[in-house]
Amino acid sequence: MSELHNQKAAALAAIAAASDLTALEETRLAALGKKGWVSLALKTLGQMSPEERAAAAPAIQAARAEIADALDAKKAALEAAELAARLASETVDLTLPTPAQPKGSVHPVSQVMDELAEIFADLGFAVATGPEIEDDWHNFTALNMDETHPARAMHDTFYFSDKTADGKDVLLRTHTSPVQIRSMLDQGAPIRIIAPGRVYRSDSDATHTPMFHQVEGLVIDRDIHLGHLKWTLETFFKAFFEREDITLRLRPSYFPFTEPSVEVDVGYSTEGGRRVVGGHGDAPGHAWMELGGSGMVNARVLEFAGLDPKEWQGFAFGLGIDRIAMLKYGMNDLRAFFDGDPRWLAHYGFSPFDQPTLSAGVGARA
Ligand code: FA5
């Protein structure tokens, strides 16, 4: 008992003498830490007789409470002293002129998302959104990729260790296509939406980053065909790149959620090391670049989303926003988009006043 008394007195003296938060933390660990003497004293209770324990336990608990209170009070006093010292030493001279830097700018991805929304709004599309933390059913199963479907492996998915309440896997969405499912379930048909947003895949090189942006498009109505898809994409890309000589190539492809499926390529040429969109990709000095996937919505997807495929049909597309931004504004490394380097942003960023509008031009540079 007297040893406990002495140890407590020593701890309280050390707390009173602590000159900063680091010293105070050391005294806390010595007494209340996992291997501190109070914790060790509490462990000895188990070996005592009931009578001894009845006498010792309240004394140890009281010592612990007294030390904890002293620590809290000293911590508050040290923090207040630290703040007072900072307030006394740090000054701001309000008579100085405002610094020229840093100057904020709009990131090219945000600018391109605004441009997209403006162009598609003019074509009668609303903007839809969905969660970036998705479940396996919306991201894969309802898009006609059941658990054993090989296309799942191509998506390099980031999974969470948790599951949904009804046992579905939780993941970072690998594409914007789950918003197709959510929109059909929420609003039924007809539908005309775009869904821009972030998507995630475990992938990294000059043209692939672990987080990137896509824009999904979905049109569902009674008599939609592939010609509508081609016209929509052509009209969009002409407005987006602000040139009439855009040539698209629709290349047969495969996605589990569209049938038939087509990949969309655009013709471009290279001028001074920069890719410039325009012209036929097979013309001399030209080539094709893939911009995204598309196709007619698979009947099974319509069924999963509660629509009758005998009554409704439609097209969908998914474009890489970062890729089309690179092509429009001439960047050559996708990774720089997400480095947050102020020099890159000063060069490629946009003025907040440079709002894209169809009347003033969707691509005006600041
Ligand atoms: C898809 O993600 C499909 N959901 C697209 C789709 C939608 C098809 C609707 C049919 C109907 P894909 O994996 O090919 O498809 O990706 C589409 C585009 O995203 C690519 O063409 C590319 O432009 C871009 N992309 C894909 N991976 C990356 C990445 N790691 N970094 C940057 N862009 C990427």
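Scroll up to find the structure.
No experiment lies behind these values; they were computed from the predicted model shown.

Rules used throughout
- Residues numbered from 1 in each chain as written.
- Predicted model: local features only at pLDDT ≥ 70, side-chain atom pairs only at ≥ 80, totals over all residues.
- Heavy atoms only, no water.
- Axes fitted to C-alpha atoms, helices over the stretch in contact; angles between N-to-C directions.
- Helix = DSSP H or I, 4+ residues; strand = E, 2+ residues; numbered from the N terminus.
- Parallel < 35°, antiparallel > 145°, perpendicular 65-115°, else oblique.
- Contact = heavy atoms within 4.5 Å.
- Nonpolar A, V, L, I, M, F, W, Y, C, P; charged D, E, K, R; others polar.
- Buried < 20%, exposed > 50% of the residue type's maximum accessible area, 1.4 Å probe, protein only.
- Pairing = 2+ DSSP bridges.
- Phe/Tyr/Trp six-rings, centres within 6.5 Å; stacked < 30°, edge-to-face > 60°.
- Lys NZ or Arg CZ within 6 Å of the ring centre and 35° of its normal.
- Near = heavy atom within 4 Å.
- Polar contact = N/O pair within 3.5 Å; in protein donor to acceptor, adjacent residues only side chain to side chain.
- Areas by Shrake-Rupley, 256 points an atom, 1.4 Å probe, with all protein chains shown as cover.
- 1 Å grid on protein atoms, 1.4 Å probe; cavity = no way out; pocket = protein on both sides within 12 Å on 5 of 7 lines; lining within 4 Å.
- Sits in = over half its atoms within 2 Å of the grid points.

### Notes on the packing of helix H5 (residues 108-122) against helix H10 (residues 321-329)
Contact geometry of H5 with H10 gives a least axis separation of 10 Å together with a crossing angle of 100°. Our classification of the angle between H5 and H10 gives roughly perpendicular. The residues of H10 that touch H5, namely those facing Val-109, Val-112, Met-113, Glu-115 and Leu-116, are Ile-321, Asp-322, Ile-324, Ala-325, Lys-328 and Tyr-329. Considering only residue class, the contact of H5 with H10 consists of eight nonpolar, no polar and three charged.

### Describing the pairing of strand S8 (residues 258-271)
Judged by how many residues are buried, S8 sits mostly within the fold: 10 of 14 residues are covered. Counted along the chain from strand S7 (residues 248-255) to the antiparallel partner S8, the turn is two residues long. Bridge count between S8 and strand S9 (residues 274-277): four bridges; the pairing is antiparallel. Across the sheet, the residue bridging to Tyr-268 is Val-277, located in S9. Turn length for the S8-S9 hairpin, with the two strands adjacent in sequence and antiparallel, is two residues, and the turn residue Gly-272 shows positive phi of about 55°.

### Some thoughts on the pairing of strand S10 (residues 286-297)
The buried fraction of S10 is high, at nine of 12 residues. Judged from the five bridges that link them, S10 and strand S11 (residues 313-320) form a sheet pairing that is antiparallel. Within S11, the residue paired with Gly-295 across the bridge is Ala-316.

### A few points about the packing of aromatic side chains
Applying the stated rule across the entire model yields 14 aromatic pairs. Taking the centre distance of 6.2 Å and the plane angle of 80° together, the rings of Trp-137 and Phe-304 count as edge-to-face. Taken together, the positions of Trp-137 in helix H6 (residues 136-139) and Phe-304 in helix H9 (residues 299-304) put the pair 167 residues apart, joining distant regions of the chain. Through pairs of rings, three or more aromatic residues link up here, namely Phe-120, Phe-125, Phe-236, Phe-237, Phe-240, Phe-241, Phe-315 and Phe-317. Positioned above the aromatic ring of Phe-240, the side-chain terminus of Lys-328 is 4.3 Å from the ring centre.

### Concerning the side chain of His-213
Inspection of the secondary structure assignment puts His-213 in strand S6 (residues 211-221). You can call His-213 buried: its relative accessible area is 5%.

### Remarks on the site of the ligand
For the ligand, the set of nearby residues contains 25 residues, the closest of which are His-175, Ser-177, Arg-201, Gln-214 and Glu-290. The contact in question runs from a nitrogen atom of the ligand to an N or O atom on the backbone of Thr-209, over 3.2 Å. The contact in question runs from an oxygen atom of the ligand to an N or O atom on the side chain of Arg-323, over 3.2 Å. Protein burial of the ligand: of its 680 Å² of free accessible surface, 94% is covered by the chains. Most atoms of the ligand, that is more than half of them, are within 2 Å of grid points of the largest pocket. Elements with a contribution of two residues or more to the shell around the ligand: S6, S10 and S11. For the shell around the ligand, the leading source of residues is S10, giving five residues. In terms of residue class, the shell around the ligand is made up of seven nonpolar, 13 polar and five charged.

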